[in-house]
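Results of the structural survey
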Amino acid sequence: MSHPCLTCGACCAFFRVSFHWSEAEPEVGGRVPIELTEPLRTHERVMRGTSQPQPRCIALDADIGRYSRCSIHPVRPSVCAAVPASLEFGARSAQCDKARLAHGLHVLEADDWRWRNVETAGTVPGDARITPPAVTI
């Protein structure tokens, strides 16, 4: 199994993605590709495609609910990085839940993260499943 966002994409096709203009201004260290944005308000830009009645981010490569990829993930706006998937860090995310339901997807539950718990077993101190290191004599 993999991260639930890789088969979702609902938030990128539900919310307007607006952020401070400096995140897309190379002269001040902005990393979001400015050509994928448009002006919104005096101090804000928006990802193209998200300021519409049926938003869909221009950087989204997805079939919602089947596969999802942000084509600019390493340089995405800070607001995108700030939206966690529900229960990813133990708490519900109202934004995640709302977007998933709007696209006919189930809200994420603890079982959706079981794969990660199995993958990280043995890496957390005190985890009974930690395999002790081999002893060489």
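It should be noted that the structure appears before, not after, this text.
Presented here is a report on the structure given in the accompanying data block. From a predicted model like this one, the values you see are computed outputs, not experimental measurements.

The calculated volume of the largest pocket comes to roughly 780 Å³. Listing elements by their share of the lining of the largest pocket, those giving two or more residues are β5 (67-70), α1 (78-81) and α2 (94-102). Looking at the second largest pocket, its volume works out to about 160 Å³. P4, T7, R100, H106 and D112 are the residues nearest the centre of the second largest pocket, which is lined by twelve residues in total.

This part takes up unusual backbone geometry. Here the phi dihedral of L87 falls at roughly 70 degrees; this positive angle occurs in a residue that is not glycine. Along the polypeptide, L87 turns up in the loop between α1 and α2.

Attention now moves to the packing of aromatic side chains. When we look at a pair of aromatic rings, we describe it by the centre distance and by the angle of the planes. As enumerated under the stated definition, the model contains two aromatic pairs in all. Relative to F15, the ring of F14 has its centre 4.9 Å away and its plane inclined at 90 degrees; by these criteria the two rings are edge-to-face. Relative to W115, the ring of W113 lies with its centre 6.4 Å away and its plane at 35 degrees, an arrangement referred to as tilted. Each of the two residues, W113 as well as W115, counts as buried.

Right, let's talk about the sheet that holds strand β3 (residues 44-47) for a bit. Reading across from one edge, β1-β3-β2 is the order of the three strands in this open sheet, with antiparallel pairing throughout. The sheet terminates laterally at β1 (18-20) and β2 (37-41), the two strands that pair on one side only. Between one strand axis and the next, the sheet turns through 40 degrees on average, direction left out of account. Two elements, β1 and β3, share three bridges in a ladder whose sense is antiparallel. Bridge pairing in β3 links S18 to V46.

One turn of an α-helix holds 3.6 residues; hence residues three or four places apart share an orientation. The set of residues buried in α2 consists of C96, D97, A99 and R100. Remark: G104 follows α2 within two positions and exhibits a positive phi of approximately 80 degrees.

So, on to the environment of V17. Position of V17 among the secondary structure elements: in the segment before β1. Sequence spacing of V17 and S78 is 61 residues, and the spatial spacing of their C-alpha atoms is 9.6 Å. The residues contacting V17, other than those within four sequence positions of it, are R45, V46, M47, T50, P77, V79 and C80.

Here we come to the pairing of β5. Of the strand pairs in this sheet, strand β4 (residues 60-63) and β5 are connected by four bridges, and their pairing is antiparallel. Its bridge partner lying in β5, L60 is registered against C70. Between β4 and β5, which pair antiparallel in sequence order, lie three residues; one of them, G65, sits at a positive phi of approximately 90 degrees.

Scoring rules and cut-offs
- Residues numbered from 1 in each chain as written.
- Predicted model: local features only at pLDDT ≥ 70, side-chain atom pairs only at ≥ 80, totals over all residues.
- Heavy atoms only, no water.
- 1 Å grid on protein atoms, 1.4 Å probe; cavity = no way out; pocket = protein on both sides within 12 Å on 5 of 7 lines; lining within 4 Å.
- Points joined across faces, edges and corners; volume = space filled by probe spheres on them.
- Helix = DSSP H or I, 4+ residues; strand = E, 2+ residues; numbered from the N terminus.
- Phe/Tyr/Trp six-rings, centres within 6.5 Å; stacked < 30°, edge-to-face > 60°.
- Buried < 20%, exposed > 50% of the residue type's maximum accessible area, 1.4 Å probe, protein only.
- Pairing = 2+ DSSP bridges.
- Axes fitted to C-alpha atoms, helices over the stretch in contact; angles between N-to-C directions.
- Contact = heavy atoms within 4.5 Å.

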